[in-house]
Amino acid sequence: PFVSARPDVTVINAYGITETVMYHTAYRLPADPADFPDESVIGRPFADMSMEVVDDELRVLPRGVIGQLAVGGAGLMAGYLDAEATARVLRRVNGRLVYLTGDRGYLNADGDFVILGRNDGQVKLRGHRCELGEVENACLHSGLMSVARALVIGSGLEAELVCFGVPVDGATEAAIRDRLAGELPRYAIPDRVILIDALPTTVNGKVDRDSLIRCYTDTDQVDG
């Protein structure tokens, strides 16, 4: 809407993180909104900065392959006060010091970087580390859900692992949880499975987390 109203204004999509002190990359959006890319293009690094896409072994991935975004060059922090935290995110790639952002992305055919979201969906739930992606994949592989999204709602001892999804062939919450009991460790089995017709999305096409939480709250009130 802004670009349509002010075509004379140049709009830049810039990407940066606190650990690099400043913006790291920039992408100039097209003047015509109809030409906007389908994904979040963050462009190319500024001079004296670098960005690579790396795998879990810190190997640089070729164009088009999704991995973790790693940034380096001017402005990169020296480290955190916590030495262990520093060691986890400041690493060397091809001899150069980089910061592992935890963001997923890839280098597209035009030579611009694209960000896809966070690299991990790991959460801590009642003392256990749980990968939300693994829970979602188990739901899909069960054959009882066609779409799944897992969230942790609440905090502390009141936190619940909730999976929202679209059932296949009338599958029930009980049937899905029973199937997951054979696929996941006990702590990763959803406390609740809420079946819906479709996952709500934002205007940008992303899953609307707030709407899912409202759905959980409404369902909880009905159950109560």
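Predicted model only: the values in this text are computed from it and were never measured.

Draft legend 1. Summary view of the nonpolar core. Val135, Met145, Leu161, Ile176 and Leu184 are the most contacted members of the largest nonpolar core, which totals 21 residues. Contributing elements (two or more residues each) for this core: α3 (132-141), β11 (145-153), β12 (160-167) and α4 (173-181).

Draft legend 2. Representation of the environment of glycine 79. Looking at where glycine 79 falls in the secondary structure, it is placed in the loop between β5 (67-73) and α2 (83-89). Overall, the relative accessible area of 31% leaves glycine 79 in the partly exposed class. Sequence separation between glycine 79 and glutamate 19 is 60 residues; the distance between their C-alpha atoms is 8.3 Å. The contacts of glycine 79, once residues within four sequence positions are left out, are Thr86 and Leu90.

Draft legend 3. Main features of the pattern of salt bridges. One pass over the full model with this rule turns up 4 salt bridges. One salt bridge connects arginine 96 with glutamate 52, and the closest N-O pair in it is separated by 2.4 Å. A residue pair is termed long-range when its members are at least 10 positions apart, and arginine 96 in strand β7 (residues 96-107) and glutamate 52 in strand β4 (residues 49-54) qualify at 44 residues. Taking the relative accessible area as the measure of exposure, glutamate 52 reaches 10% and is therefore buried. We note a salt bridge from aspartate 55 to arginine 59, for which the minimum N-O separation is 2.8 Å.

Draft legend 4. Spotlight on unusual backbone geometry. Within the chain, leucine 58 stands out as a residue other than glycine whose phi angle is a positive 65°. Locating leucine 58 in the fold gives a position in the loop between β4 and β5. Phi is positive for asparagine 94, close to 55°, though the residue is something other than glycine.

About the criteria used
- Residues numbered from 1 in each chain as written.
- Predicted model: local features only at pLDDT ≥ 70, side-chain atom pairs only at ≥ 80, totals over all residues.
- Heavy atoms only, no water.
- Core = buried A, V, L, I, M, F, W, Y, C linked by side-chain atoms within 4.5 Å.
- Buried < 20%, exposed > 50% of the residue type's maximum accessible area, 1.4 Å probe, protein only.
- Helix = DSSP H or I, 4+ residues; strand = E, 2+ residues; numbered from the N terminus.
- Contact = heavy atoms within 4.5 Å.
- Salt bridge = Lys/Arg side-chain N within 4 Å of Asp/Glu carboxyl O.

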